[in-house]
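Letter by letter, the chains look like this.
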Amino acid sequence: MQPFLLLMAFLLAPQAEAGKIIGGHEVEPHSRPYMAFLQVKRAEKSTKCGGFLVREDFVLTAAHCQGCTITVTLGAHNIKKKEGTQQVIKVKEAIPHPNYDPDTKANDIMLLQLEKEVKLTAAVSVLRLPNRRVMVKPGMVCRVVGWGRLDLNTRTNKLHEAELEIQKDELCISLYESLYNRTTQICVGNRNKIQSTYLGDSGGPLVCDNLAQGIVSFGNENGKPPRVETRISSFLPWIKRTMRRFQLQRPD
Ligand SMILES: *[C@@H]1O[C@H](CO)[C@@H](O)[C@H](O)[C@H]1NC(C)=O
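Structural notes, computed from the coordinates. A quick note: this is a predicted structure, and the numbers were derived from the prediction, not measured.

In terms of nonpolar packing, the biggest core is built from 47 residues, with Leu38, Phe52, Leu60, Val72, Leu111, Leu114 and Ile239 touching the most fellow members. Leave out the neighbours within four places in its chain, and leucine 111 touches Val54, Phe58, Val59, Leu60, Glu93, Ala94, Ile95, Trp238, Ile239, Thr242 and Met243. In terms of nonpolar packing, the next biggest core, distinct from the first, is built from 11 residues, Cys142, Leu164, Ile166 and Leu206 among them.

Let us now look at the packing of aromatic side chains. Tallying each qualifying case throughout the model produces two aromatic pairs. On the numbers, 5.4 Å between centres and 80° between planes, the contact of phenylalanine 37 with tryptophan 147 is edge-to-face. Pair noted here: phenylalanine 37 is in strand β3 (residues 35-41) and tryptophan 147 is in the loop between β9 (141-146) and β10 (160-165), with a separation of 110 residues, a long-range link. A relative accessible area of 8% places tryptophan 147 in the buried class. Seen in terms of ring centroids, tyrosine 176 and phenylalanine 218 are 5.6 Å apart; in terms of plane orientation they differ by 85°. Their pairing is edge-to-face. Of this pair, tyrosine 176 sits in helix α2 (residues 169-176) while phenylalanine 218 is found in strand β14 (residues 211-218), placing the two residues 42 residues apart along the sequence. Per residue, the accessibility class of tyrosine 176 equals that of phenylalanine 218, and both read buried.

As a further point, take the state of the cysteines. Counted under the stated rule, the structure contains three disulfides. Across a sulfur-sulfur distance of 2.1 Å, cysteine 172 and cysteine 187 are joined as a disulfide pair. Sign of the S-S torsion, about 80° for the bond between cysteine 172 and cysteine 187, identifies this disulfide as right-handed. Of this pair, cysteine 172 sits in helix α2 while cysteine 187 sits in strand β11 (residues 185-188); the two residues are 15 residues apart in sequence, bridging distant segments of the chain. Judged by its relative accessible area of 0%, cysteine 172 is buried. The connectivity of the disulfide-linked cysteines in the protein, indexed sequentially, is 1-2, 3-6, 4-5.

Taken together, the six strands give a closed barrel; going around it, the order is β3-β4-β5-β8-β7-β6, and neighbouring strands pair in antiparallel fashion. Each adjacent strand pair in this sheet contributes to an overall mean axis angle of 40°, direction not counted. Bridge analysis of strand β6 (residues 69-74) against strand β7 (residues 87-96) gives four bridges, and the strand direction is antiparallel. Of the residues in β7, the one forming a bridge with threonine 71 is lysine 90.

Further remarks concern the side chain of asparagine 107. Considering the arrangement of structural elements, one finds asparagine 107 in the loop between β7 and β8 (110-114). Asparagine 107 sits in the buried class, given a relative accessible area of 17%. In this structure the side chain of asparagine 107 is engaged in a polar contact, spanning 2.9 Å, whose partner is the backbone oxygen of asparagine 99. Ignoring sequence-local partners within four residues, the contact set of asparagine 107 consists of Ala63, His97, Asn99, Tyr100, Thr184 and Phe235.

About the cut-offs
- Residues numbered from 1 in each chain as written.
- Predicted model: local features only at pLDDT ≥ 70, side-chain atom pairs only at ≥ 80, totals over all residues.
- Heavy atoms only, no water.
- Core = buried A, V, L, I, M, F, W, Y, C linked by side-chain atoms within 4.5 Å.
- Buried < 20%, exposed > 50% of the residue type's maximum accessible area, 1.4 Å probe, protein only.
- Contact = heavy atoms within 4.5 Å.
- Phe/Tyr/Trp six-rings, centres within 6.5 Å; stacked < 30°, edge-to-face > 60°.
- Helix = DSSP H or I, 4+ residues; strand = E, 2+ residues; numbered from the N terminus.
- Disulfide = S-S within 2.5 Å.
- Pairing = 2+ DSSP bridges.
- Axes fitted to C-alpha atoms, helices over the stretch in contact; angles between N-to-C directions.
- Polar contact = N/O pair within 3.5 Å; in protein donor to acceptor, adjacent residues only side chain to side chain.

What follows is the structure in structure tokens.
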């Protein structure tokens, strides 16, 4: 990382509002081809979220990214540009986990069934889900990817990522108390480092060894790590069951 950016991120981190990757760097365009940009329309106001392609017709994201309509853009690097690689697709069905609790953010996971299958290209491809045996362990370094803001004053239209270290569950239990559940969540981000994720990166993936292990969920208002992610490995049966069920409703 550039020393200048590091310093900027450090200076701006404490008062930064939620909504960005801090201490990260821009990725090589289209090097994270699974990334989905979500425009979420709501009655009150619209928001943005991240997500990731898990099958040609399904995107995985956080349940708190729910809205009246969601538009998915795949194959993007700069979301403000009309890039030839982009595929913009409407969501046919948004399927939040039935036990999602908006107050505690428990079970913060949602599948988006796309109106049509995406075309897999060099800029658009699937991120693999883990199997139950591949567990994340404290000390592992993973990465989060997103279009969230870099700091309070710097918006970015380009995809960024940051490296984050998996923490012991006890750390998040001590900070978040009963909001943290070690079975369904992962504690992410070293509190002594500035890399972190914020609300604008909600729904984006935590990628460990090229597998989707987490979904950015929530954290402390001040944006400091560690933060809480949904533990994908404990939702695999739900993900598989739900994709099968909704696929069956599709006309041939
Ligand atoms: C954590 O989540 C699991 C799975 O949903 C649930 O069975 C368990 O009761 C939860 N633990 C606590 C302490 O809430």
